[in-house]
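A closer look at the structure
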Amino acid sequence: MGNSIDGTTVDVVNGLTVRAVAEDEVAAWERALFLGFHRPHAPSATELRRADWRPGRWLAGLDGERMVATFRGFDTELTVPGGATVTADAITNVSVLSTHRRRGLLGTMMRRELAAAAERGSAVAILIAAEYRIYGRYGFGPATLGHGWNIDLQRAQGLRDDLPTAPGGRVDFVTMAELATIGPELHDRWRLLQPGAITRSEQWWKRRTGAVVDPAEGFSEPFAAVHRDAEGTVTGLVTYRVTDSWDGSYPNCTLNVTDFLALDLAAAAALWRLVLSVDWVRKVSVSNLGPDDPLPLLLNDPRGATPHAANSDFTWVRVLDVEAAFNARTYGPPGRVVLAVEDRLGYAAGRWAIEVGEGGVGRCTRTTDEADLALGASELGSFHLGSETAARLVAAGLVTELRPGAAAAADLLLRAPLRAWTPDIF
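These remarks concern the structure in this document. Quick caveat: nothing in here was measured; it's all calculated off a predicted structure.

Below, the discussion takes up the overall build of the protein chain. On a plain count of helices and strands, the protein chain comes out with 12 helices and 25 strands. Whereas a compact globule of 426 residues would reach a radius of gyration of roughly 22 Å, the protein chain reaches 23 Å, a difference of no more than 12%. With respect to the principal axes defined by its C-alpha atoms, the protein chain has extents near 65 × 60 × 40 Å. For the protein chain, the residues scored as buried account for 50% of the 426 residues in total. Pairs at least 24 residues apart make up 70% of the contacts formed inside the protein chain by residues separated by at least 6 positions. Accessible surface computed for the protein chain: about 19900 Å², of which carbon and sulfur atoms make up 50%. Averaging the locations of the 43 positively and 52 negatively charged side chains of the protein chain gives two centres separated by 4 Å.

By way of backbone hydrogen bonds, the strands of a sheet pair with one another, either parallel or antiparallel. Strand order in the open sheet formed by 5 strands is E23-E22-E21-E24-E25, with mixed pairing between adjacent strands. Whereas interior strands pair on both sides, the edge strands pair on one side only; in this sheet they are strand E23 (362-366) and strand E25 (400-401). By the bridge criterion, 7 bridges tie strand E21 (residues 335-342) to strand E22 (residues 350-356) in an arrangement that is antiparallel. Across the sheet, Leu339 pairs through a bridge with Trp352, a residue of E22. Across the face of the sheet, helix H10 (residues 377-384) comes into contact with E21 and strand E24 (373-376) while running at roughly 105 degrees to E24. In the packing of helix H12 (residues 406-414) onto the sheet, contacts are made with E21, E22, E24 and E25, and the angle to E21 comes to roughly 105 degrees.

Moving on, we get to the sheet that holds strand E18 (residues 305-307). The strand order E11-E12-E13-E16-E17-E10-E18 describes an open sheet built from 7 strands, whose pairing is mixed. Edge positions in the sheet fall to strand E11 (170-173) and E18, since each of these pairs with one other strand and no more. The average angle at which neighbouring strand axes cross in this sheet is 25 degrees, direction not considered. Where strand E12 (residues 223-228) lies against strand E13 (residues 234-243), 6 bridges are found, and the strand directions are antiparallel. Counterpart to Ala224 in the pairing with E13 is Thr239. Each of E12, E13 and strand E16 (253-262) is contacted by helix H5 (residues 176-190), which is oriented at about 125 degrees to E13, the strand it contacts most. Where helix H7 (residues 265-275) meets the sheet, its contacts fall on E11, E12, E13, E16 and strand E17 (281-286), and the angle it forms with E16 comes to roughly 165 degrees.

Let us look at the layout of surface pockets. Roughly 520 Å³ of internal volume is contained in the second largest pocket. Counting residues per element, the ones that place at least two in the lining of the second largest pocket are strand E8 (141-142), H10 and helix H11 (390-395). No other element matches H10, which puts 3 residues into the lining of the second largest pocket.

All right, on to the pattern of salt bridges then. With the rule as written, the count across this model stands at 27 salt bridges. In this structure, the salt-bridge partner of Asp162 is Arg160, at a minimum N-O distance of 2.9 Å. A salt bridge links Asp424 to Arg200; its shortest N-O distance comes to 2.9 Å. Taken as a pair, Asp424 in the segment after H12 and Arg200 in the loop between H5 and helix H6 (202-209) lie far apart in primary sequence, 224 residues in all. The exposure classification of Asp424 matches that of Arg200, with both residues buried. Overlapping salt bridges bring together Arg57, Asp75, Asp89, Glu113 and Arg120 as one network.

This part covers the environment of Thr85. Checked against the element boundaries, Thr85 lands in strand E6 (residues 85-96). We classify Thr85 as partly exposed; its relative accessible area is 31%. Residues Thr85 and Asn252, spaced 167 residues apart in sequence, show a C-alpha to C-alpha distance of 43 Å.

Val124, Ile126, Phe326, Ile354, Leu373 and Leu380 are the most contacted members of the largest nonpolar core, which has 39 residues in total. Counting residues in each nonpolar core, the second largest holds 29 residues, with Ile151, Val238, Phe260 and Leu295 among its members.

Leaving glycine aside, a negative phi is the common case for residues, and trans is the common case for peptide bonds. Phi is positive for Asn14, close to 50 degrees, though the residue is something other than glycine. Tracing the chain through its elements places Asn14 in the loop between strand E2 (8-13) and strand E3 (16-20). Judged by its relative accessible area of 55%, Asn14 is exposed. If you check the backbone angles, Arg102 has positive phi at about 60 degrees while not being a glycine. Within the fold, Arg102 resides in the loop between E6 and helix H3 (105-120).

Within this structure, the stated rule accounts for 8 aromatic pairs. Centroid distance Phe223 to Tyr240: 5.3 Å. Interplanar angle 25 degrees. Geometry classified as stacked. With Phe223 in strand E12 and Tyr240 in strand E13, the pair connects residues that are 17 residues apart, well separated along the chain. Taking the relative accessible area as the measure of exposure, Phe223 reaches 45% and is therefore partly exposed. According to the relative accessible area criterion, Tyr240 is buried, its value standing at 3%. Lying over the aromatic face of Tyr331, Arg329 brings its terminal NZ or CZ to 4.3 Å of the ring centre.

With that out of the way, let us pick up the pairing of E13. Looking along a regular strand, one sees side chains alternate from face to face of the sheet. With respect to burial, E13 is a largely interior element, 7 of its 10 residues being buried. Across 8 bridges, the pairing between E13 and E16 is antiparallel. Bridge pairing in E16 places Val238 opposite Phe260.

Rules behind the numbers
Residues numbered from 1 in each chain as written. Predicted model: local features only at pLDDT ≥ 70, side-chain atom pairs only at ≥ 80, totals over all residues. Heavy atoms only, no water. Helix = DSSP H or I, 4+ residues; strand = E, 2+ residues; numbered from the N terminus. Rg over C-alpha atoms; globule rule 2.2 N^0.38 Å. Buried < 20%, exposed > 50% of the residue type's maximum accessible area, 1.4 Å probe, protein only. Contact = heavy atoms within 4.5 Å. Areas by Shrake-Rupley, 256 points an atom, 1.4 Å probe, with all protein chains shown as cover. Lys, Arg positive; Asp, Glu negative; His and termini not counted. Charge placed at Lys NZ, Arg CZ, Asp CG, Glu CD. Pairing = 2+ DSSP bridges. Axes fitted to C-alpha atoms, helices over the stretch in contact; angles between N-to-C directions. 1 Å grid on protein atoms, 1.4 Å probe; cavity = no way out; pocket = protein on both sides within 12 Å on 5 of 7 lines; lining within 4 Å. Points joined across faces, edges and corners; volume = space filled by probe spheres on them. Salt bridge = Lys/Arg side-chain N within 4 Å of Asp/Glu carboxyl O. Core = buried A, V, L, I, M, F, W, Y, C linked by side-chain atoms within 4.5 Å. Phe/Tyr/Trp six-rings, centres within 6.5 Å; stacked < 30°, edge-to-face > 60°. Lys NZ or Arg CZ within 6 Å of the ring centre and 35° of its normal.

Structure follows, in structure tokens:
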């Protein structure tokens, strides 16, 4: 149930309350967040966190006057297959103290946030799930993968000689101040090429370039280099740090890539050539790279690249406006599939026809036609960016095939040429 105190909507659940956090309550909210995340509180970081505060977007669960749960949402743009974007409600900083679990706080905060996001016109909500079993009950489904590579330089033997180059192009190191100017413009071009990418805020760039520093985390300045074409236009960037390690008198350092963006293969090859030729480095760790990035195939010996241990689900998607979410993206060859979606929260419930014409242009509308596939809201979220397959979910018993061959037909329509990837933690 909900009521209003001083104009602020308050939800009451099992004797606890949920309401929005005022700006002067950020320190108390942050203290509860750190406790919920099992981390020591760093009060000196409060002012930095206050810069992210927005009215009504920070929620807290309270036992009396004491905050015992936290929740935050912010708007971002999510790239979908084809290069268009949809407005997404990015959910983060979700915690409930172990003393107050299973009393309805998370469900109350989540339902409140999703309702507000839908009212604002967000097509989807997104989050990164710390635990797998929590968020499916609210209609979220895994939609992108975390992915990376470890490269043994001795085995990889460098890049192939036949890779394309940009005539007149060059690679230069840049300062953090230069990166703060160059990075946002390059990223805004790059993110439209990668399904699953989201926007990077001004605050994001300030933190990554040391303009503002979280005292709890500190700042270790990375090396940063950019590739420019013959006209001087920046077409790629890489940032990395080197772990200083020696085996007796022999260097045995690891280079850790922290960010890699390239608009074309020539820029990517030039930047990887730099990364793979740094003195003293014996191993390159790229812990976060798109699952369809061709990096191993650029090496003289692709077996020199082995999968990074962190390969797993990453961004989860919850569809709030089915038509807006699915009409924004492009599809495969012409065809039609009807999805019967069960959604306990109601946002995506019903039957939906996805009809695809020439050129991958599709249209999603409500229908009363007989369904081809039956699924839940979580599986619909997994379908949205095209990285999950209907056939795999049918094999797992998560989607029901109501018409023989419907899963294979749906995969032809829904799969994207480039698997979704979100490079940023949010």
